[in-house]
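Residue-level structural notes
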Amino acid sequence: FPATPLAGRHVLVTAGPTHEPIDPVRFIANHSSGKQGYAIAAACARLGAQVTLVSGPTALPCPAGVTRVPVQTAREMLAACGAALPADVAICTAAVGDWRVAEASAHKRKKKQGQAVSLALVENPDILATLSHAGPTRPGLVIGFAAETEALEDNARTKRARKGCDWLLANDVGADTSIFGGNHNRILFVSETRIEPWASMPKTDIAAKLAALIADHLSSSPR
Ligand code: C5P
């Protein structure tokens, strides 16, 4: 077996949270650490892939051999992904903010004593679904992640079909797990024809396992 089975392949990875501005000094974000996506980018690079890592703001260093494209918002992430195509594989691990502020203020919003404030939010683009339905520029293999708190298998199957991706890696983020920001993850792998629970393992091991599966899947298709 070659040590670099992904040589000649371009892998696009999204990772981290997005920051959606409210005004120049405030934003809406989430707790995503970016660890799983960065580990996947690193694992694919180790197998010889050219890797583009479109990343929201994180505290992590860029993995060796990976080209990082830093972004803030969901719309910037979508544009950076579009600009990175063509790709053989797209892996969407980013925790993209579902909403953005409809009209971010150009100036710092002032508080008025004792007055409640409300923000109008509009839906962000779904990057995974957009890449999955990208027609002739669709990456040959599109992979999504899903954090679920209940009915893991049903929700994962439904979500894979709805998003239009090939593989969905679902994880149970229910009460007793500490997946967000942690180093371990427990995956349910779902494809159109296969459902497979993976043992709980470090995010770096999940990354290595996924990179090996990708290499295996691509081994029969021409570069
Ligand atoms: O719908 P949900 O957020 O649970 O889907 C999770 C999957 O979809 C992840 O792979 C995530 O990266 C991707 N996603 C995306 N763009 C969004 C929302 C989710 O790429 N706006």
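Residues numbered from 1 in each chain as written. Predicted model: local features only at pLDDT ≥ 70, side-chain atom pairs only at ≥ 80, totals over all residues. Heavy atoms only, no water.

- If you look the protein chain up in an unreviewed UniProt entry, it shows as Coenzyme A biosynthesis bifunctional protein CoaBC from Asaia krungthepensis NRIC 0535.

Overview of the overall build of the protein chain
- Across its full length, the protein chain holds five helices and 14 strands.
- Compactness check: the protein chain gives a C-alpha radius of gyration of 18 Å against a globular reference of 17 Å for 223 residues, within 12% of the reference.
- For the protein chain, the spread of C-alpha atoms along the three principal axes comes to 70 × 35 × 35 Å.
- Split into buried and exposed, the 223 residues of the protein chain put 43% on the buried side.
- Averaging the locations of the 23 positively and 19 negatively charged side chains of the protein chain gives two centres separated by 8 Å. (Helix = DSSP H or I, 4+ residues; strand = E, 2+ residues; numbered from the N terminus. Rg over C-alpha atoms; globule rule 2.2 N^0.38 Å. Buried < 20%, exposed > 50% of the residue type's maximum accessible area, 1.4 Å probe, protein only. Lys, Arg positive; Asp, Glu negative; His and termini not counted. Charge placed at Lys NZ, Arg CZ, Asp CG, Glu CD.)

Notes on the site of the ligand
- The immediate surroundings of the ligand are formed by Cys-92, Thr-93, Ala-94, Val-96, Pro-125, Asp-126, Ile-127, Leu-128, Gly-144, Phe-145, Lys-159 and Lys-163.
- Cys-92 has a polar backbone atom sitting 2.6 Å from an oxygen atom of the ligand.
- The backbone of Phe-145 places a nitrogen or oxygen atom 2.8 Å from an oxygen atom of the ligand.
- The site holding the ligand turns out to be the largest pocket.
- Elements supplying a minimum of two residues to the shell around the ligand: helix H3 (127–132), strand E9 (141–148) and helix H4 (152–163).
- The class makeup of the residues in the shell around the ligand is seven nonpolar, two polar and three charged. (Near = heavy atom within 4 Å. Polar contact = N/O pair within 3.5 Å; in protein donor to acceptor, adjacent residues only side chain to side chain. 1 Å grid on protein atoms, 1.4 Å probe; cavity = no way out; pocket = protein on both sides within 12 Å on 5 of 7 lines; lining within 4 Å. Sits in = over half its atoms within 2 Å of the grid points. Nonpolar A, V, L, I, M, F, W, Y, C, P; charged D, E, K, R; others polar.)

A look at a nonpolar patch on the surface
- A cluster of nonpolar side chains, Trp-99, Val-117, Leu-119 and Leu-121, forms an exposed patch at the surface whose accessible area comes to about 400 Å².
- Mapping Leu-121 onto the fold places it in strand E8 (residues 121–123). (Patch = residues over 30% accessible without salt bridge, like charges linked within 9 Å, V, L, I, M, F, W, Y side chains within 5 Å. Areas by Shrake-Rupley, 256 points an atom, 1.4 Å probe, with all protein chains shown as cover. Salt bridge = Lys/Arg side-chain N within 4 Å of Asp/Glu carboxyl O.)

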